[in-house]
Amino acid sequence: MHETFPHFDVQQAIDAYLGSVSGAIRARSDAYDEGQAFWGIVSTLVGLAVTFALYHTGFFRRLRDGVEKRLPRWAAVFPFFGLYMLVSAVITFPLDMWTGHFREVQYGNSTQSFGGWFGEYALSMVISLIVGGILVTLLYMVIRALKRSLWVWGAGLVTAAMALMMLIGPVFISPLFNDYTPMEQGPLKEDILSLAKAAGVPADNVYVYDRSRQTNTISANVSGIFGTTRISLGDTLIRDATPAEVRAVMAHEIGHYVLNHVYELLLEFGLVIAIGFAFVNGTFAAVARRGGERWGISDIGDVGGMPLLFALFSVYMLVMTPVTNTIIRSNEAEADAYGLALAREPDGFAAVSMKLGAYRKLDPGPVERFVFHDHPTGRDRVTMAMNFKAAELAAGATDIDPSMAPLVPEVERYVAKREADRTAKAGE
Ligand SMILES: [Zn+2]
């Protein structure tokens, strides 16, 4: 007699999990996700239209003449940038308000009042003006000194600035928006710390932040660089996910940490930015010439050309969307595989991936996935999890629940609760 292995059907389990977010709720999350992509493109196009309209009126030419008359050329860069950003922000504010706040309220994601959102929007704006102003001042020094090799030095400068922001972000900027506290003592923390220890992640790098202040979406992340690298869990994750799901998510985040994704992304994006500078350098003069007298741009070192420089860069980044999304998505898939192997919670990972499906499209077509998705889709994730489960069960694992899709009721409970909250809020 040989023992027969209990039957586990991968496809049936995948279908059961994907079926746990269905009907009107599935339609709404698809619409939300498709809208994100749509409004992202609209924002870029509106930004371009605003830039060209302001050039057409001669606004940027006059602004440059105004600041350069009062200040030395290098010092005029910061105020030019600040005023240009403010004017653009005022014009695009209705759109930012819709995508940043009212749309999130409509889909039941936001937990903020308009005032709460606006306060954070204004704070982000101030931070961007200061950080961006310093960066463009340095960038224009580089452009004016090293026109020919701009693409190398410009990309180096921007990459160094990204690294610096990642270093100081968790310490100085994130705490302006949320409270970060070391995770509370308890069995879940013990669990996470033992996962972290097994992966060689220092224990004091696990934090909880009050994500529920802004949104009810569940999330965790790895941030920082060198000494400031840390893993942060949203309080919404602890509230809305079972311990098995939290373990699955934490193991994924630990994967990012162990696989050095922060450094890898910095290098890859540095390369993308270098190619972007080369593109801007190669097209700038021709476009500036077409603008003629009205635009009044002399050369690429002219601060009056800054909005054009940004516009060309935004066109480049829009075209590069599938590339940048694929770079990120590949890392995410690696972290998924690492996390499954570390936590050994295939059902927890499948369930939490379905919960994310309350606002992410679970099963897009291949082209849509390639172009717009910067994470593996719900289908990708549940497929990986169930293949892992099948392989482990076949190998005789006894720590994995052999039943088909045991956390489907948990997903259905979460989705129903979220829907009830949304309806209740809409009725207020
Ligand atoms: Zn991730």
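Check the entry above for the structure.
Residues numbered from 1 in each chain as written. Predicted model: local features only at pLDDT ≥ 70, side-chain atom pairs only at ≥ 80, totals over all residues. Heavy atoms only, no water.

Asker: An account of the packing of helix α2 (residues 23-56) against helix α11 (residues 306-319) is needed here, citing residue identities and associated values.
Answerer: Contact geometry for α2 and α11: axes closest at 10 Å, N-to-C directions at 155°. As the angle between them shows, α2 and α11 are arranged roughly antiparallel. Regarding α2 and α11, the two cross each other, and that crossing is left-handed. Of the residues in α11, those in contact with Ile 41, Thr 44, Leu 48, Thr 51, Phe 52 and Tyr 55 of α2 are Met 306, Pro 307, Leu 308, Ala 311, Ser 314, Val 315 and Leu 318. Each residue belonging to the contact of α2 with α11 can be placed in one class, and the counts come to 10 nonpolar, three polar and no charged. (Axes fitted to C-alpha atoms, helices over the stretch in contact; angles between N-to-C directions. Helix = DSSP H or I, 4+ residues; strand = E, 2+ residues; numbered from the N terminus. Parallel < 35°, antiparallel > 145°, perpendicular 65-115°, else oblique. Left-handed = near helix turned anticlockwise from the far one by under 90°. Contact = heavy atoms within 4.5 Å. Nonpolar A, V, L, I, M, F, W, Y, C, P; charged D, E, K, R; others polar.)

Asker: Describe the nonpolar core, listing the residues and the values that go with them.
Answerer: Core analysis: the biggest nonpolar cluster contains 60 residues, and Tyr 17, Leu 237, Met 354, Val 382 and Met 386 have the highest contact counts within it. No other element matches helix α9 (residues 243-258), which puts seven residues into this core. Apart from the residues lying within four places of it in its own chain, the contact partners of Val 382 are Ile 14, Tyr 17, Leu 18, Ala 350 and Met 354. With 36 residues, the next largest nonpolar core counts Val 50, Tyr 55, Leu 63 and Val 136 among its residues. (Core = buried A, V, L, I, M, F, W, Y, C linked by side-chain atoms within 4.5 Å. Buried < 20%, exposed > 50% of the residue type's maximum accessible area, 1.4 Å probe, protein only.)

Asker: Tell me about the coordination of the zinc ion, and name the residues and values.
Answerer: Perfect tetrahedral coordination of a metal by four donors corresponds to 109.5 degrees between them, and perfect octahedral coordination by six donors corresponds to 90 or 180 degrees. The protein atoms that coordinate the zinc ion are His 252 (NE2), His 256 (NE2) and Glu 332 (OE), at distances spanning 2.0 to 2.1 Å. By relative accessible area, which is 11% here, His 256 ends up buried. (Donors = N, O, S within 2.8 Å, 3.2 Å for Na, K, Ca; no water.)

Asker: Pulling in residues and values, what's your account of the sheet that holds strand β3 (residues 220-223)?
Answerer: Strands in a sheet are paired, the pairing made by backbone hydrogen bonds, and the direction either parallel or antiparallel. Pairing is mixed in the open sheet, where four strands are placed in the order β1-β2-β4-β3. Where the open sheet ends on each side, the last strands, each with one partner, are β1 (180-182) and β3. Strand after strand, the sheet turns through a mean of 35° between neighbouring axes, direction not considered. Where β3 meets strand β4 (residues 230-234), four bridges bridge the pair, whose relative direction is antiparallel. Across the sheet, Ala 220 pairs through a bridge with Leu 233, a residue of β4. (Pairing = 2+ DSSP bridges.)

Asker: An account of empty space enclosed by the protein is requested, with residue identities and associated values reported.
Answerer: By the definition in use, this model includes two cavities of 30 Å³ or more. When its volume is computed, the largest cavity comes out at roughly 110 Å³. Every residue lining the largest cavity is listed: Ile 25, Arg 28, Ser 29, Tyr 32, Tyr 107, Asn 109, Ala 358, Tyr 359, Val 415, Arg 418, Glu 419 and Arg 422. Breaking the lining of the largest cavity down by element, the ones donating at least two residues are α2 and α16 (408-427). Looking at side-chain class alone, the lining of the largest cavity contains six nonpolar, two polar and four charged residues. Size it by volume and the second largest cavity reaches roughly 70 Å³. (1 Å grid on protein atoms, 1.4 Å probe; cavity = no way out; pocket = protein on both sides within 12 Å on 5 of 7 lines; lining within 4 Å. Points joined across faces, edges and corners; volume = space filled by probe spheres on them.)

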